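Analysis of the macromolecular model
Okay, here's what each chain looks like letter by letter:
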Amino acid sequence: MQSPAPKQPPSTKAPSESEELQQAIDRAGNDRAALVRNLEEFLKDYPEARQRPQIYRALVEASLQLRDSARATDYAERIVALTPDDMSMTLLAIQLLERNGDEAALRRAFNYSTRVLDYIDRTSAGDKSPKISKEEWEADQKRDKVNILSLRGRLSFKLHDYPAAERDFRASMAISPSAAAAEKLGEIAELNKDLPGAIREYARAFALADASSAGANRREIRQKLGNVWRLAHGSEEGLGDYLLHAYDDSVASANVPKPKRNAGAKDPYDFTLRKAQDGSAYSLADQKGKIVVLNFWATWCGPCREMEPHFERVAAQFQGIADIVFLAADCDEDETLVPPYLLEEKPRTTVVFADGLDILLAVRSFPTIVILDRSGKIAYRTDGFDPEDVERELSNAVRHAVAEHKESSESAPHGAKSEL
């Protein structure tokens, strides 16, 4: 009698590329270093993976959290190579390359900044969102061009290409005078032994500098100005009068009216903000009837960075409740600082540009948290915070705003009750 054939083990289907990728992510859990290792191993097996841009982006974010600038720079540049129109990643690559500081890195950063400048020049008003006016779009274009010209000028200066740096700084100043650009022009003139030119530019930088001037230190500018004035005149006699004239001229040229977003808005619900990630419109009118919790912040504000995880933990307590909205409202004058910051810090709450809402609510320091009740009135406000108590106080304030609405709606004869 013939013996039966041995049973074959059940065939196992090999996991697909997407399944292997998900397994690599799942195995890492919350370990950033393990995520980097797993994703890089995955890329060895699938060097042409369909999801390479997303994988590279995850590697950039994880590397930044691990303070591994070299690896973050490498993957940021890979993303730029794959998606050259990704301007936020291009700006992050420039920032990381400039931080590296060697000549090859600076030259690549220079080339990327030229690419961004060309992108700005190619963009027309026909490409703008219908949610913003032509005047607002033009103001954004002007600001972006000034910032990129100054950035490229700074890179040329570090590469010791002073004529190229001077051209970009002068082009930037022609559009919108700034203390930082004027100071660099003063340094270039001083390096060229042009003392009258250095005096003129340093005086203009001193006149334009104030407490809010990014990249400009009035005390340092004063020292540079005094030095070149003494070299030219032997003493500082006459410098005061010269500075007064320079101040009057600079303020007159810089004090050009700028179009304001949400001009004339007198109620929070009149405001249409912009999402910081992509510039898309975010209408506060759509949040009418909800409790809106606003964290006003800026990238340069150290306490704002400390506040962010506290704010996110409170937001997580109310996650899934449609009637409560948490927004992080950025107040930076230079909005090009925001996309790289978001990529590096990766906040979990929705980030919008304040677009004048900070002025309406009289925000004068950062961080400031404001809670708007369902009618748009201020129910709670705190300027600054105590790390020990902020989460408890903010959570209680949100719950109090909810309770107040419940009481008022229940006491009304025909008031509709909240879901909360």
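Placed above this text is the structure.
Predicted model, so just to flag it, every value in this text is computed and none were measured. (Residues numbered from 1 in each chain as written. Predicted model: local features only at pLDDT ≥ 70, side-chain atom pairs only at ≥ 80, totals over all residues. Heavy atoms only, no water.)

Across its full length, the protein chain holds 16 helices and seven strands. Of all 420 residues assigned to the protein chain, the portion counted as buried reaches 42%. Across the protein chain, the fraction of contacts at a sequence separation of at least 24, relative to all contacts at a separation of at least 6, is 60%. For the protein chain, the accessible surface area stands at approximately 23000 Å², while carbon and sulfur atoms represent 49% of it. (Helix = DSSP H or I, 4+ residues; strand = E, 2+ residues; numbered from the N terminus. Buried < 20%, exposed > 50% of the residue type's maximum accessible area, 1.4 Å probe, protein only. Contact = heavy atoms within 4.5 Å. Areas by Shrake-Rupley, 256 points an atom, 1.4 Å probe, with all protein chains shown as cover.)

Quick look at the pairing of strand E3 (residues 291–297) now. Across the seven residues that make up E3, a large majority, seven, are buried. Bridge analysis of E3 against strand E4 (residues 324–330) gives seven bridges, and the strand direction is parallel. Its bridge partner lying in E4, Phe 296 is registered against Ala 329. Following the chain from E3 across helix H13 (residues 302–317) to the adjacent parallel E4, one finds a crossover that is right-handed. (Pairing = 2+ DSSP bridges. Right-handed = clockwise from strand over helix to strand, strands pointing away.)

Attention shifts here to the pattern of salt bridges. Following the criterion strictly, the structure yields 32 salt bridges and no others. Between Asp 140 and Arg 274 there is a salt bridge, and its shortest N-O distance comes to 4.0 Å. Of this pair, Asp 140 sits in helix H7 (residues 134–158) while Arg 274 sits in strand E1 (residues 272–275), and the two are 134 residues apart along the sequence. When its relative accessible area of 12% is taken as the criterion, Asp 140 is described as buried. (Salt bridge = Lys/Arg side-chain N within 4 Å of Asp/Glu carboxyl O.)

Turning our eyes to something else, we now look at the sheet that holds E1. If you walk across this open sheet you meet the seven strands as E2-E1-E5-E4-E3-E6-E7, and the pairing is mixed. Among the strands making up the open sheet, the edge pair consists of strand E2 (281–283) and strand E7 (378–383). Pairs of neighbouring strands in the sheet enclose a mean axial angle of 30°, with direction left out of account. (Axes fitted to C-alpha atoms, helices over the stretch in contact; angles between N-to-C directions.)

A separate point is the packing of aromatic side chains. Counted according to the given criterion, the structure contains eight aromatic pairs. Cluster of aromatic residues (ring-pair linked, three or more members): Phe 311, Phe 318 and Phe 326. Lys 184 extends its terminal NZ or CZ atom over the ring of Phe 157, reaching a point 4.3 Å from the ring centre. The ring of Phe 206 has Arg 218 lying over it, and the distance from NZ or CZ to the ring centre is 4.9 Å. (Phe/Tyr/Trp six-rings, centres within 6.5 Å; stacked < 30°, edge-to-face > 60°. Lys NZ or Arg CZ within 6 Å of the ring centre and 35° of its normal.)

It is worth spelling out the environment of Asn 100 at this point. Here Asn 100 shows up in helix H5 (residues 87–100). Residue classification places Asn 100 among the partly exposed residues on the basis of a relative accessible area of 46%. Remark: the alpha-carbon pair of Asn 100 and Ser 69, spanning 31 residues in sequence, is separated by 8.1 Å.

Nonpolar side chains in soluble globular proteins tend to be buried together. Ranked by internal contacts, the top residues of the largest apolar core, which has 41 residues, are Ile 55, Leu 59 and Ile 94. For this core, the secondary structure elements donating two or more residues are helix H1 (17–28), helix H2 (32–45), helix H3 (52–65), helix H4 (69–82), H5, helix H6 (103–122) and H7. Looking at this core, the element that brings in the most residues is H5, giving eight residues. Once residues lying within four places of it in the same chain are set aside, the contact partners of Ile 94 are Ala 109, Tyr 112, Ser 113, Val 116, Leu 151 and Leu 155. The next biggest cluster of nonpolar side chains, apart from the first, holds 19 residues, and it includes Ala 265, Leu 273, Cys 331 and Leu 372. (Core = buried A, V, L, I, M, F, W, Y, C linked by side-chain atoms within 4.5 Å.)

Another point: helix H8 (residues 162–175). In a regular helix each residue adds 1.5 Å, so 14 residues correspond to 20 Å; H8 covers 20 Å between its end C-alpha atoms and thus fits that length. Buried within H8 we find Ala 164, Ala 165, Asp 168, Phe 169, Ser 172 and Met 173. The buried side chains of H8 occupy one side of the element, clustering within an arc of 165° when seen end-on. Away from the buried face of H8 by more than 90 degrees, exposed residues Pro 163, Arg 167 and Ala 174 are located. Buried residues in H8 make contact with H7, helix H9 (179–191) and helix H10 (195–208). (Expected span 1.5 Å × (residues − 1). Arc of directions from axis to C-beta.)

The quantities given are spatial measurements derived from coordinates; they are silent on function.
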